[in-house]
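Listed below, chain by chain, are the residues.
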Amino acid sequence: MTRYRIIYTDDEPDIREIAALALEMDPDFEVKTCERGEAAIELAARWHPHLILLDYMMPGLDGPGTLERLRRTPGIAETPVAFVTARIQSHEVARLFALGATGVLPKPFDAMTLAATVKKYLPA
């Protein structure tokens, strides 16, 4: 059985904790969390996740900036990245896909269905 490694990055500790708990309810997932984009890039380079989930707005390096840096980082440039964000206006979503996002999940998310939703963004 494959255990998928997922990084969940959000500057809000309560949301990080809820997301991690919701995802870890699925035995297929191993989850690590970060509160900043820079930390997600460093962790991804060491841990090689199957998927990175990013918040849009974070202090320092925001989600789009994090994605741009991930796409330029050898070894993790092809890692699927999905955004978990309240910023779901069509022009914002279009920008994220243009930057190379795999998907966009709206906030607030349903903790009971988060794992099933995330599975859509994992590599086959």
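Just above sits the structure.
Residues numbered from 1 in each chain as written. Predicted model: local features only at pLDDT ≥ 70, side-chain atom pairs only at ≥ 80, totals over all residues. Heavy atoms only, no water.

A word on helix α3 (residues 63-71)
Piece 1. Residues of α3 that are buried: Gly63, Pro64, Gly65, Thr66, Leu67 and Leu70.
Piece 2. The secondary structure elements touched by the buried residues of α3 are α2 (37-47), β3 (51-54), β4 (81-85) and α4 (90-99).
Piece 3. Capping of α3 at its N-terminal end is provided by Asp62; its side-chain oxygen lies 2.8 Å from the backbone amide nitrogen of Gly65. (Buried < 20%, exposed > 50% of the residue type's maximum accessible area, 1.4 Å probe, protein only. Helix = DSSP H or I, 4+ residues; strand = E, 2+ residues; numbered from the N terminus. Contact = heavy atoms within 4.5 Å. Polar contact = N/O pair within 3.5 Å; in protein donor to acceptor, adjacent residues only side chain to side chain.)

Here we look at the side chain of Thr79
Piece 1. Counting through the fold element by element, Thr79 comes out in the loop between α3 and β4.
Piece 2. Setting aside anything within four residues of it in sequence, one finds Thr79 in contact with Pro49, His50, Leu51, Ile52 and Arg71.

Examining the environment of Gly37
Piece 1. Among the structural elements, Gly37 can be located in helix α2.
Piece 2. Leaving out residues up to four positions away in the same chain, Gly37 has contacts with Thr9, Met58, Leu61 and Thr66.

Description of the side chain of Lys107
Piece 1. With respect to the helices and strands, the residue Lys107 is situated in the loop between β5 (103-106) and α5 (114-119).
Piece 2. With relative accessibility at 19%, the residue Lys107 sits in the buried group.
Piece 3. Of note is the side chain of Lys107, whose polar atom sits 3.2 Å from the side chain of Asp55.
Piece 4. Those residues in contact with Lys107 that sit more than four places away from it in its chain are Tyr8, Asp10, Ile15, Asp55, Val84, Thr85 and Ala86.

Quick look at the nonpolar core
Piece 1. Ranked by internal contacts, the top residues of the largest apolar core, which has 21 residues, are Ile7, Ile52, Leu54, Leu70, Val81 and Phe83.
Piece 2. Looking at this core, the element that brings in the most residues is α2, giving 5 residues.
Piece 3. Each residue touching Ile52, except ones within four places of it in the same chain, is listed here: Ile7, Ala44, Leu70, Thr79, Pro80, Val81 and Ala82.
Piece 4. If you look at the next biggest cluster of nonpolar residues, it comprises 19 residues, including Ala20, Leu23, Ala115 and Tyr121. (Core = buried A, V, L, I, M, F, W, Y, C linked by side-chain atoms within 4.5 Å.)

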